[in-house]
Amino acid sequence: MTFAGEVTPLYALALALVAAYWLGRVGREARGRHLPRVAWWAVPGWGALLLAPLLEVPALFGLGAAALLLAEYWPGAYRPARSRPGGAWPLVGVLLGLALLALLAAPGGGRPADTAAALAAALGLLLAGAGGLLARALFRARPAAPRLGLEVRFGPVQVPPWPDLSLALTGSGAQLTNVSDGPLWLAGWSPSGTNAWLRVRDEGGVPLNVLPRGGHAYLPLRGWERGVRVWYRREPGPGPSQLFRADWTPPGGGERVLN
């Protein structure tokens, strides 16, 4: 294989460390039940870093570095997932990468630019396939969340010093948001001043047993309620439950105001 430029041993080591770091990040996120989304931009970014010295095009280094930074620091670089990812497509990527490397190793060669692009594509396929297989292998399957029953309503409760939930009033109800640093196991809710026990549901009406960090739930209200009470736990095991209380001034010529 012949190229217009060459990759120094130090630069090759740096590329290997970048690839190893990305694979480690993918594995760590998979253990937390998160899969790459924008983080996949690291693969073409890494390929651009490889092509920059081979093609002697310094601009590719800047493009590659920008893609790597995007893959690392973009807020939605990794997405939460409920189930283990499939392994078919990552395996296909690995096999295609190996096949392309075998073709490049065969006698004869084409233009240096074509050879360099083929090498970057092969190594990129291997990197993406390895990342997908690693995410599948390290993904932690979480058992179904237990449902908290009516015993929470009449058991001991605590009001946390800083709320784990926030409430936003809407035209037909209220939107509940998990603002804590982890998932919350929901038990039920009731309008204040009412002896009720209602399931917490999403906007589509599906009951929610667990509200993930940053997740939303919908509490339907009829318009004359003065507040809500929500019972939940930070862990599904035994122990006192948490109580979220929110009250507001009912409409009477003005807008509702949360206290």
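Every chain is numbered on its own, with residues counted from 1 as its sequence reads. In keeping with the model being predicted, local features are shown solely for residues with a pLDDT of at least 70 and side-chain atom pairs are shown and tallied solely at 80 or more, while totals for entire chains, interfaces and linings include all residues. With hydrogens and water set aside, each side-chain value is computed from the structure's full complement of heavy atoms.

**Let's talk about the overall build of the chain**
1) Next: Across its full length, the chain carries six helices and eleven strands.
2) Next: Going through the 259 residues of the chain one by one, you find that 37% of them count as buried.
3) Next: The criterion used for residue contact is that any of the two residues' heavy atoms lie within 4.5 Å. Within the chain, residue pairs in contact and separated by at least 24 positions form 69% of the contacts whose partners lie at least 6 positions apart.
4) Next: We get accessible surface area from the Shrake-Rupley algorithm with a probe of 1.4 Å; when it comes to residues, only the shown protein chains can shield them. On the chain, roughly 14600 Å² of surface is accessible, and the fraction owed to carbon and sulfur atoms is 64%. To qualify as a helix, a DSSP run of H or I must reach at least 4 residues; to qualify as a strand, a run of E must reach at least 2; elements of each kind are numbered from the N terminus. Categorising residues by exposure relies on relative accessible area from a 1.4 Å probe, with only protein chains included: less than 20% of the type maximum marks a residue as buried, more than 50% marks it as exposed, and the intermediate range marks it as partly exposed.

**Here we look at helix 3 (residues 58-73)**
Because each turn of an α-helix spans 3.6 residues, side chains separated by three or four positions end up pointing in the same direction.
1) Next: Take the residue count of a helix, subtract one, and multiply by 1.5 Å to get its expected span. End to end, helix 3 covers 23 Å across 16 residues, agreeing with the expected 22 Å (1.5 Å per residue, within 8%).
2) Next: Within helix 3 the residues assigned to the buried category are Gly64, Ala67, Leu68 and Ala71. Looking straight down helix 3, one finds that the buried residues subtend no more than 100 degrees of arc, so they occupy a single side. Seen from the open side of helix 3, the exposed residues pointing more than 90 degrees away from its buried face are Pro58, Ala59, Leu69 and Tyr73. What the arc covers is the set of directions going from the helix axis to the C-beta atoms.

**A look at helix 5 (residues 112-138)**
1) Next: For helix 5, which comprises 27 residues, the first-to-last C-alpha distance of 39 Å matches the rise-based estimate of 39 Å (1.5 Å per residue) to within 8%.
2) Next: By the burial criterion, the buried members of helix 5 are Thr115, Ala116, Ala118, Leu119, Ala120, Ala122, Gly124, Leu127, Gly129, Gly131, Gly132 and Ala135.
3) Next: Considering only its buried residues, helix 5 is in contact with helix 1 (9-31), strand 1 (34-36), helix 2 (42-55) and helix 4 (88-105).

**Considerations on the sheet that holds strand 5 (residues 173-178)**
1) Next: At least two DSSP bridges between two strands are needed for those strands to be called paired. Across the sheet, which stays open at both edges, the three strands sit in the order 4-5-8 with antiparallel pairing between neighbours. A single partner strand is all that each edge strand has here, and the edge strands are strand 4 (165-169) and strand 8 (216-220). Neighbour-to-neighbour, the strand axes of the sheet open up by a mean angle of 25 degrees, direction not taken into account.
2) Next: Pairing geometry for strand 5 and strand 8, over five bridges, is antiparallel. Residue pairing in the sheet places Ala174 in a bridge with Leu219 of strand 8. Helix axes are fitted only over the stretch in contact, all axes being lines through C-alpha atoms; the angle between N-to-C directions runs from 0 to 180 degrees.

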